[in-house]
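Survey of secondary and tertiary structure
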Amino acid sequence: MNVSIVIPTYNRKPILEKCLKALEKQNLNENISNYEVIVVDDGSTDGTTYWIKDNYEVLPHVVLYEQEHGGPALGRNLGVMKSKYEIIIFIDSDLIVLDDFIACHVNKLLFSWNKNNKKCFTYGSVINTSNFSNPESERYKLTDFSFAYFATGNVAISKELLLSVGLFDNSFSLYGWEDLELGERLKKLGTKLIKCPEAVGFHWHPPFDCGQIESLVSQEKERARMALIFYKKHSNLRVRFMIQLTPLHILLWQIICLGGLISIKRLFPLLRFLIDSGRNRIALEIVRIPLNLIYVKELRRLI
């Protein structure tokens, strides 16, 4: 079999360099004839395309495409349409994988195809880390567990199946939900999720600091706008719970935030203390509480 790895990217050049170099170190086996790494640059302004073009000699598997800034759904669709091979692996451009990554996905996927007539996909492990110099040293944590059915941070799937279900919806031009919406369509076809924890990727993000709060608030408001598109396409109870569009959710987050008393503004001194003490990860988990209240309030406002 042959594999096309599709990676949309936007202004992530430093970590993308690590991502692509790791993908050039893959140990293949008898199940894999060849692979390509399709990078779709989504209008980056940080020199991403220049770096790739200047380093083609050390990136022999990389194929570069460029588009105007339109979001990851548009980029992934372009990558799939330009791909040459029968297995598609989606990863994010801030994911660093181990050298058996492709082989693990392909081994598990081919074994599962025999049972499910290709109506399945493999879902690898994603370990979050802020360690830029050595992301592979991070251990799996409870907070790394995900309930998502189809998340494009680390999945492998038949190109034929993707095309039959209709690819990603380009209406999802902002942050969030485009992969879960595609997952909803896959689920309706009876597609099976096959866990593949041995296909490990380390998802890097910079250590949290208070300077990120404004962009995180904007991100939650974008997520609410995209959640509304998701719900309009699939107005069922499962999606309502996924996007937290129920009276239970607004009540829950109001209670957790004590009716708004626990806010980002009031938490700021605590966040600053934790960051100064080197406990950035704890600070991030705390700030996610009022951020989620912002999200559910914005979603209800839009409805």
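First, a word on scope: everything that follows refers to the structure included in this document. (Residues numbered from 1 in each chain as written. Predicted model: local features only at pLDDT ≥ 70, side-chain atom pairs only at ≥ 80, totals over all residues. Heavy atoms only, no water.)

**Details of the overall build of the protein**
Defined as follows: Each helix is a run of DSSP H or I of at least 4 residues and each strand a run of E of at least 2, with the numbering of both proceeding from the N terminus. Only C-alpha atoms enter the radius of gyration, while the globule expectation follows 2.2 Å times N to the 0.38, with N the number of residues. Note on definitions: a residue-residue contact is assigned when non-hydrogen atoms from the two residues lie within 4.5 Å. Areas reported as accessible are Shrake-Rupley estimates using a 1.4 Å probe. Residue values count occlusion only from the protein chains shown. When charges are tallied, Lys and Arg are placed among the positive residues and Asp and Glu among the negative ones, while His and the ends of the chain are skipped. The location of each charge is read from NZ of Lys, CZ of Arg, CG of Asp or CD of Glu.
Secondary structure summary: the protein contains 11 helices and eight strands in total. Here the C-alpha atoms of the protein give a radius of gyration of 20 Å, agreeing with the 19 Å that 2.2 N^0.38 yields for 303 residues. Projected onto the principal axes, the alpha-carbon positions of the protein cover approximately 60 × 45 × 35 Å. Here the analysis covers contacts within the protein between residues at least 6 apart in sequence; of these, 80% occur between residues at least 24 apart. By element, 56% of the accessible surface of the protein is carried by carbon and sulfur atoms, the whole surface being about 14500 Å². Side chains of the protein give 37 positive and 33 negative charges; the mean places of these two sets differ by 9 Å.

**Points about the packing of aromatic side chains**
Selection rule: Any Phe, Tyr or Trp ring, taking Trp's six-membered ring, that has another such ring centre within 6.5 Å forms a pair; planes under 30 degrees apart are called stacked, those over 60 apart edge-to-face, and the others tilted. Partly exposed residues are those whose accessible area sits between 20% and 50% of the maximum for their type, while under 20% is buried and over 50% is exposed, using a 1.4 Å probe and protein chains only. Any Lys NZ or Arg CZ found within 6 Å of a ring centre and within 35 degrees of that ring's normal is scored as a charge over the ring.
Going through the model one piece at a time under the given rule, you end up with six aromatic pairs. Here F90 and F168 contribute two aromatic rings whose centre-to-centre distance is 5.4 Å and whose plane-to-plane angle is 80 degrees, an arrangement assigned as edge-to-face. Remark: F168 occurs in the loop between α5 (159-165) and α6 (178-188) and F90 occurs in strand β4 (residues 87-91); sequence separation between them is 78 residues. Exposure class is identical for F90 and F168. Each is buried. Consider the rings of F121 and Y149, whose centres lie 5.2 Å apart with planes at 85 degrees: the pair is edge-to-face. Placement of F121 in strand β6 (residues 120-129) and of Y149 in the loop between β6 and β7 (154-158) is noted, with a sequence separation of 28 residues between them. This pair shows no difference in class: F121 is buried, exactly as Y149 is. By way of ring pairs, the aromatic residues F121, Y149 and F150 are connected into one cluster. Positioned above the aromatic ring of F168 is the side chain of R76, whose terminal nitrogen or guanidinium carbon lies 5.6 Å from the ring centre. Looking at K118, its charged tip hangs above the ring of W113, at a distance of 4.8 Å from the centre.

**Some thoughts on unusual backbone geometry**
Phi is positive for N11, which is not a glycine, with a value near 55 degrees. Despite not being glycine, W177 shows a phi value in the positive range, around 80 degrees.

**Some words on the side chain of S112**
Note the cut-off: For the purposes of these results, a polar contact is taken to be a pair of N or O atoms within 3.5 Å, where, inside protein, one atom must be able to donate a hydrogen and its partner to accept one; residues adjacent in sequence count only when each atom of the pair is a side-chain atom.
Mapped onto the elements, S112 comes out in helix α4 (residues 101-116). One polar contact links the side chain of S112 to the main-chain carbonyl oxygen of K108, over a distance of 2.8 Å. Sequence-distant contacts of S112, that is, excluding residues within four places in its chain, are made with C120 and I194.

**Regarding the side chain of D42**
Which entries qualify depends on this criterion: For salt bridges, the criterion is a side-chain nitrogen of Lys or Arg within 4 Å of an Asp or Glu carboxyl oxygen.
One can find D42 in the loop between β2 (34-41) and α2 (48-54). Comment: no salt bridge for buried D42; closest opposite-charge side chain is R76, at 9.6 Å.

**Examining a nonpolar patch on the surface**
Counted only if it meets this: Only residues whose relative accessible area exceeds 30% and that take part in no salt bridge are eligible for patches, with like-charged residues grouped when within 9 Å of each other and nonpolar side chains (Val, Leu, Ile, Met, Phe, Trp, Tyr) grouped when within 5 Å.
A contiguous nonpolar surface patch, about 420 Å² in accessible area, is contributed by Y140, F145 and F147. On the basis of relative accessibility, which here comes to 46%, the residue F145 falls in the partly exposed class.

**Looking at the sheet that holds β7**
Rules: Should DSSP find at least two bridges between two strands, the strands are taken to pair. To obtain each axis, a line is fitted to C-alpha atoms, and for helices this fit is confined to the stretch in contact; angles are then taken between N-to-C directions over 0 to 180 degrees.
On the basis of which strands lie adjacent, the open sheet formed by eight strands has the order β3-β2-β1-β4-β7-β6-β8-β5 and mixed pairing. Each of the sheet's edge strands pairs with one partner strand only, and the pair in question is β3 (62-66) and β5 (95-97). Averaged over all adjacent pairs, the angle separating strand axes in this sheet is 30 degrees, with direction ignored. Across five bridges, the pairing between β4 and β7 is antiparallel. Residue pairing for β7: I88 is matched across the bridge by I157.

**What about the pairing of strand β8 (residues 192-204)?**
Sheet topology note: the β5/β8 ladder contains three bridges and is antiparallel. The partner of V97 across the bridge, within β8, is G201.

**Notes on helix α10 (residues 264-276)**
Where we set the bar: Between the first and last residue of a helix there are one fewer steps than residues, each counted as 1.5 Å, and that sum is the expected span. Throughout, the bend at a residue refers to the angle made by two axes, fitted to the seven residues ending there and to the seven starting there.
In this model α10 runs 17 Å from its N-terminal to its C-terminal C-alpha over 13 residues, within 8% of the 18 Å that 1.5 Å per residue would give. For α10, the principal kink sits at L270 and spans about 30 degrees. By the burial criterion, the buried members of α10 are I264, L267, L271, L274 and I275. Here the buried face of α10 lies against α7 (213-233) and α11 (280-302). In the segment just after α10, G278 is the residue with positive phi, at about 80 degrees.

**Some thoughts on the environment of S277**
Positionally, S277 belongs in the loop between α10 and α11. When its relative accessible area of 37% is taken as the criterion, S277 is described as partly exposed. Distance from S277 to N236, taken between C-alpha atoms, is 45 Å for residues 41 residues apart in sequence. Only 2.8 Å separates the side chain of S277 from the backbone oxygen of F273, close enough to count as a polar contact. At 3.5 Å, the side chain of S277 and the side chain of R279 are in polar contact.

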